[in-house]
Structure formats: C-alpha cells, structure tokens
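Residue-level listing of the chains:
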Amino acid sequence: MRRRHKNPLLAHGLLNISNYTQLCIEGGAAGIAATMGSANTGRMLLPSAQAPKRRHLALLAVAVAVVIGSCRSEDQGGQDDLRRISHAGVVRVCSTGDYLPFTYRDIRGQWSGLDIDMAADMARRLAVTLEIVATTWSAVLQDLGKRCDVAMGGITITADRARDALYSRPYLRDGKAAIARCVDRSKYRSLNDIDRTGVRVIVNPDGTNAQFDRANLQHATVIDYPDNNTIFEQIITGRADVMITDGSEIRYQTTQHPQLCAGDLDHPFNTIQKAYLIPLSAKQTQEWVNQWLTIADNDGTYAAISRKWLGRDVGP
C-alpha cells in the first residue's frame, strides 16, 4: 500500500496541488486572497455546501494558515526558489540521458523515460514549461542549482550526495543485482561467484554501480566503460562477462536484449531507493516536490508511468 499524504488538507481534498503552489508562491494576504478567489471558481475543494458559510470561511482560513505555515517553515532564510521557478515560467531538470528506463536522450536529442514523464507531469502541475538540461553523473551535483532546479533520472539516495544536496522523498525501491549472457547466468548467482580472478565486470564510472564494485570486488577485473547506452552490448559481444546494476535497469534491458538474463532480482545484493535531487538551499521546492509526489501516488499518475516503463507499479 502506498503512503498517504502527511498533510490532511491535501490528502482529504481541502486543497489541490495548484492551490498549494499558489499559496507557497504568493504567501500572506495575497495568497489568501488568491486562494479564496480560486475557491469561488471551483479550483479549491471546500466542505459540503450545506454547512454554514461562517464555518466554510473559518475552515478555509485555518487551511490557508496551516499551508502557508508549512511553506514558510521551509523558507525562514528568505528562500524564494519556488517563486523564481513560477515567475520564470520554466522548471529546469538535469538528467543524464543514459539510464533507461529512467532517462534516455536519443541521437536526435529527444528525451524519454520514467523520470522524463514524471518531470513533464511536475511541470504541468507547476503550470510552467519543462526544460531538460543534459548532465553527467560526475557533474550533476555541480550543475544542480546553477544549470537546473531539480535533477531527475534514476538517482540513488546516498549519504555522500546528501551532504551537497537535498533529496525528495523516495519514490522507488531498488537493489543491485547481476546481468550476464543467458548462457552464463548460472555462473554469477552470488557476489562470491562474481568476485573471482578472471571474471570481467563492466561498469559505468562515477555512479553508484562503480561505488558498489569498488566496495565489494577485490579479485574480479573491473572494466570502466563510459557509454552507459551501449554498455550492455559489451556483454553480448563477449568483451565483458557481467555487470552489477540496479534491478529496474536489468528488468528493462533484458526485455530489449533477449541474449541477456538477470540474476536473482527477488534477492538483490543490497537495497536502495530512488529520489530526486534538489539544491541544498531550495527547501521550498523540496516541500512542493514532496507534496506533488504524494499526489501523483494517490491519483494514479505514478502507477501508470511506472507500469509503462517497469511493467508494474514499483513504489518506495
């Protein structure tokens, strides 16, 4: 069962995501006036029309005060990151474009993937244009806050990254596993099977796959390969024996390459979670992204996108 929203005003329909955004951006009296105006046009959901008008207004005032308080509790340092995104009319999303099923950029510059679809939904609910900014795994933290407002694309939560950026709440649970040629899959059932002299393990540098290999492989030969879009072809053609990567990527790649088979995806080597990266100072954006993710869970948006790219609804 998916986690319901921590804010009962959103969870029970007293506010929708557009009202929440408007209140966070406008704030104070302007936000109250804007939201009460939107209530009259049906964009804000109020209690039953049979209740006394005074009770309506009192409840609305409480709702507005609580939401503004939650926005401002994340904005005591004078942050106006969400306001800047709204006024610019653009949300900039950094993505590597090399990690299907989450993010992919083809030779024509067209973007696709689970997190690209989620980014489009995020921009739609912010009522702004989406701009995808190409980055790399080694540069994403440097680009965050300078070239983009959010980073999306199968990003694993790690303590190292958390020192330099904020995370959204997790949206997907995953784990490292092995992928190899189907004729060899029985050879690489465990880490001990893989970490043997003569086994060639291929890895894309600068990400959590490389970190995992460095921490767990002492005897196998680790081959750095910089192009994550063609890395699986190296296994198919015999230039490498096996790769350790996230189960979600393995599930996708085995549907694209029938020569490749997965290890035991039900018992991965570890457990990890995916989330979105946000600049360290952008606490207001982090709060909004968390509200949006929960709404996308509750209204079926995430489930539909997950089934499209992963074949099932994979949550946190």
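On a predicted model such as this, the values are computed, not experimentally measured, just so you know.

Caption draft 1: Seen up close, the overall build of the chain. On a plain count of helices and strands, the chain comes out with 14 helices and 15 strands. Within the span of the chain, comprising 316 residues, buried residues form 51% of the whole. Across the chain, every contact between residues at least 6 apart in sequence was considered, and the portion connecting residues at least 24 apart equals 72%. Within the structure as shown, the chain displays about 14700 Å² of accessible surface, and the carbon and sulfur contribution to it stands at 51%.

Caption draft 2: Molecular detail of the packing of helix α6 (residues 114-126) against helix α13 (residues 283-298). At a closest axis distance of 11 Å, the pairing of α6 and α13 adopts a crossing angle of 110°. As summarised for this structure, α6 and α13 are arranged roughly perpendicular, according to the angle between their axes. Where α6 abuts α13, its residues M118, D121, M122, R125 and L126 lie against W288, V289, W292, L293, I295 and A296.

Caption draft 3: Quick look at the packing of helix α5 (residues 81-88) against α13. At their nearest, the axes of α5 and α13 sit 6 Å apart, and the two run at 75° to each other. Classified by the interaxial angle, the pair formed by α5 and α13 is roughly perpendicular. In this structure, α5 uses D81, L82, R83 and I85 to contact α13, whose residues at the interface are K283, Q284, T285 and W288. A class-by-class count of the residues in the contact of α5 with α13 yields 3 nonpolar, 2 polar and 3 charged.

Caption draft 4: Summary view of the sheet that holds strand β4 (residues 111-112). If you trace the 3 strands from one edge of the open sheet to the other, you get β2-β3-β4, paired in antiparallel fashion. Each edge of the open sheet is held by one strand with a lone partner, namely β2 (98-99) and β4. Relative to strand β3 (residues 103-105), β2 is paired through 2 bridges, and the arrangement is antiparallel. Looking at the pairing, D98 lines up with Y104 of β3.

Caption draft 5: Spotlight on empty space enclosed by the protein. All told, the structure shown has 5 cavities of 30 Å³ or more when counted by the stated rule. Here the largest cavity is characterised by a volume of approximately 100 Å³. Around the largest cavity, the lining is made up of 15 residues, and of these Y99, W137, N204, T208 and N209 lie nearest the centre. Only α10 (208-216) and β12 (242-246) provide two or more residues apiece to the lining of the largest cavity. Taken together, the residues of the lining of the largest cavity sort by class into 2 nonpolar, 8 polar and 5 charged.

Caption draft 6: Inspection of the state of the cysteines at higher detail. Enumeration according to the criterion identifies 2 disulfides in this entry. The side chain of C94 participates in a disulfide bridge whose partner is C148; the two sulfur atoms lie 2.2 Å from each other. Taking the sign of the torsion about the S-S bond as the criterion, the disulfide between C94 and C148, at about -100°, is left-handed. In this pair, C94 is assigned in strand β1 (residues 90-95) and C148 in the loop between α7 (140-143) and β6 (150-151), connecting sequence segments 54 residues apart. Relative accessible area serves as the criterion here: at 1%, C94 is assigned to the buried category. The class of C148 is buried, set by a relative accessible area of 0%. Covalent S-S linkage joins C182 and C261, the inter-sulfur distance amounting to 2.0 Å.

Caption draft 7: Looking closely at the environment of G113. With respect to the helices and strands, G113 occurs in the loop between β4 and α6. Look past the residues within four positions of G113 in its chain and what remains in contact with it is P101, F102, T103 and W309.

Caption draft 8: Quick look at the side chain of D121. Tracing the chain through its elements places D121 in helix α6. Polar side-chain contacts of D121 include one of 2.8 Å to the side chain of R125. Residues in contact with D121, not counting those within four places in the same chain, are W292 and T301.

Caption draft 9: Seen up close, the confidence of the model for the chain. Summing up the model confidence of the chain, the mean pLDDT is 82 and the portion of residues at 70 or higher is 75%. Here residues 28-68 is a poorly scored stretch, pLDDT under 50, and it has 47 contacts once near neighbours within four places are set aside; other chains count. Below pLDDT 50 for its whole length, residues 72-78 participates in 7 contacts with residues either more than four positions away or in separate chains.

Caption draft 10: How the structure looks around the pattern of salt bridges. For the structure on display, the rule yields 16 salt bridges. Among the ionic pairs, D297 bridges to R169, the shortest N-O distance being 2.6 Å. One end of the pair, D297, is in helix α13; the other, R169, is in the loop between β7 (165-167) and β8 (172-174), with 128 residues separating them in the sequence. When salt bridges that share partners are traced, they join R181, D184, K187, R200 and D241 into one network.

Caption draft 11: Region of interest: the nonpolar core. By size, the foremost hydrophobic cluster in this structure holds 45 residues, and its most contacted members are L114, M118, M122, M152, Y276 and W292. Among the elements of the structure, α5, β1, α6, β6, β7, β15 (277-279), α13 and α14 (301-310) are those that each provide at least two residues to this core. Looking at which element gives the most residues to this core, the answer is α6, with 6 residues. Not counting residues up to four positions away in its chain, the partners in contact with M118 are M152, Y276, W292, L293, A296, Y302 and I305.

Criteria and thresholds
- Residues numbered from 1 in each chain as written.
- Predicted model: local features only at pLDDT ≥ 70, side-chain atom pairs only at ≥ 80, totals over all residues.
- Heavy atoms only, no water.
- Helix = DSSP H or I, 4+ residues; strand = E, 2+ residues; numbered from the N terminus.
- Buried < 20%, exposed > 50% of the residue type's maximum accessible area, 1.4 Å probe, protein only.
- Contact = heavy atoms within 4.5 Å.
- Areas by Shrake-Rupley, 256 points an atom, 1.4 Å probe, with all protein chains shown as cover.
- Axes fitted to C-alpha atoms, helices over the stretch in contact; angles between N-to-C directions.
- Parallel < 35°, antiparallel > 145°, perpendicular 65-115°, else oblique.
- Nonpolar A, V, L, I, M, F, W, Y, C, P; charged D, E, K, R; others polar.
- Pairing = 2+ DSSP bridges.
- 1 Å grid on protein atoms, 1.4 Å probe; cavity = no way out; pocket = protein on both sides within 12 Å on 5 of 7 lines; lining within 4 Å.
- Points joined across faces, edges and corners; volume = space filled by probe spheres on them.
- Disulfide = S-S within 2.5 Å.
- Polar contact = N/O pair within 3.5 Å; in protein donor to acceptor, adjacent residues only side chain to side chain.
- pLDDT = per-residue confidence, 0-100.
- Salt bridge = Lys/Arg side-chain N within 4 Å of Asp/Glu carboxyl O.
- Core = buried A, V, L, I, M, F, W, Y, C linked by side-chain atoms within 4.5 Å.

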